[in-house]
Amino acid sequence: MGHGEHKLATQVGPKGYFGKVTVEAEALDRGGAVTVDFDASISEEWKSGASFGIGYVLEHINTRTVFPNGGRVRILSIGGHPVDTNSVVIAFVAANALYKALGIEPTKKPEFDKNTGTFTFPK
């Protein structure tokens, strides 16, 4: 089982960006299916962002290599702040947390431009 955590906590001009996500990923015999679930303690508020980030990674890796018979990705925790967190921030940190859990350094991954405060998710 792999464990990954990623955090973004920065200020760009007057705007702050904060998010922290912890995930675990494990290969399991699930007939090739990879499931994603959330710890029961996680607020509904950030689940859509985390789902997008995890889905982004699963679409951009060879899941047959990483999860040959299927597997599970579990989001263990999501940290946010009412002012400095939104779904895009959570998607960014969730994707990077999953790459860490899988031990993958992709050639294309979500990026955050510290000069402009913009996020990109390359195709």
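None of these values were measured; they are calculated from a predicted model. (Residues numbered from 1 in each chain as written. Predicted model: local features only at pLDDT ≥ 70, side-chain atom pairs only at ≥ 80, totals over all residues. Heavy atoms only, no water.)

**Side note on the overall build of the chain**
Moving on, step 1. Counting its secondary structure elements, the chain contains 3 helices and 6 strands.
Moving on, step 2. Tracing the chain from N to C terminus, the helices and strands come up as β-β-β-α-α-β-α-β-β.
Moving on, step 3. The C-alpha radius of gyration computed for the chain amounts to 14 Å, which stays within 12% of the reference 14 Å derived for 123 residues, consistent with globular compactness.
Moving on, step 4. Along the longest, intermediate and shortest principal axes, the C-alpha atoms of the chain span 50 × 35 × 20 Å.
Moving on, step 5. Burial statistics for the chain: of 123 residues in total, 42% are counted as buried.
Moving on, step 6. Of the contacts made within the chain by residues no fewer than 6 positions apart, 75% connect residues no fewer than 24 positions apart.
Moving on, step 7. As displayed, the chain has an accessible area near 6,600 Å², and 50% of this comes from carbon and sulfur atoms.
Moving on, step 8. When the 13 basic and 13 acidic side-chain charges of the chain are each reduced to a single mean position, those positions are 3 Å apart. (Helix = DSSP H or I, 4+ residues; strand = E, 2+ residues; numbered from the N terminus. Rg over C-alpha atoms; globule rule 2.2 N^0.38 Å. Buried < 20%, exposed > 50% of the residue type's maximum accessible area, 1.4 Å probe, protein only. Contact = heavy atoms within 4.5 Å. Areas by Shrake-Rupley, 256 points an atom, 1.4 Å probe, with all protein chains shown as cover. Lys, Arg positive; Asp, Glu negative; His and termini not counted. Charge placed at Lys NZ, Arg CZ, Asp CG, Glu CD.)

**Some points on the packing of aromatic side chains**
Moving on, step 1. Summed over all chains, the structure comprises 7 aromatic pairs.
Moving on, step 2. Through successive ring pairs, a cluster of aromatic residues spans Tyr17, Phe92, Phe112 and Phe119.
Moving on, step 3. Here Lys15 stacks its cationic end above the ring of Tyr17, 5.1 Å away from the centre of that ring. (Phe/Tyr/Trp six-rings, centres within 6.5 Å; stacked < 30°, edge-to-face > 60°. Lys NZ or Arg CZ within 6 Å of the ring centre and 35° of its normal.)

**Remarks on helix α3 (residues 87-102)**
Moving on, step 1. For α3, with 16 residues, the first-to-last C-alpha span of 22 Å sits near the 22 Å given by 1.5 Å per residue.
Moving on, step 2. Within α3, 13 of the 16 residues are buried, leaving the element largely enclosed by the surrounding structure.
Moving on, step 3. Backbone geometry just after α3 places Gly103 at a positive phi near 70°. (Expected span 1.5 Å × (residues − 1).)

**A few points about the sheet that holds strand β2 (residues 15-27)**
Moving on, step 1. Read from one edge to the other, the open sheet built from 4 strands follows the order β1-β2-β4-β3, with strand pairing classed as mixed. Edge positions in the open sheet fall to β1 (2-12) and β3 (34-38), since each of these has one partner strand only. Recorded for the sheet is a direction-independent mean angle of 20° between the axes of neighbouring strands.
Moving on, step 2. Bridge analysis of β2 against strand β4 (residues 71-79) gives 8 bridges, and the strand direction is antiparallel. Looking across to β4, one finds that Ala27 is bridged to Gly71. (Pairing = 2+ DSSP bridges. Axes fitted to C-alpha atoms, helices over the stretch in contact; angles between N-to-C directions.)

**Description of the confidence of the model for the chain**
Moving on, step 1. Here the chain averages 96 in pLDDT, while 100% of its residues score no lower than 70.
Moving on, step 2. Here helix α2 (residues 63-66) stands out as the element of the chain with the lowest mean pLDDT, 92, in contrast to α3, whose mean of 98 is the highest. (pLDDT = per-residue confidence, 0-100.)

**What to know about the pattern of salt bridges**
Moving on, step 1. In this structure the tally under the stated criterion is 8 salt bridges.
Moving on, step 2. Across the salt bridge formed by Arg72 and Glu24, the nearest N and O atoms sit 3.2 Å from each other. Taken as a pair, Arg72 in strand β4 and Glu24 in strand β2 lie far apart in primary sequence, 48 residues in all.
Moving on, step 3. Salt-bridge contacts for Glu44 lead to Lys47; the nearest nitrogen and oxygen are separated by 2.9 Å.
Moving on, step 4. Each of Glu24, Glu26, Asp37, Asp39, Arg72 and Arg74 takes part in one network of salt bridges that share partners. (Salt bridge = Lys/Arg side-chain N within 4 Å of Asp/Glu carboxyl O.)

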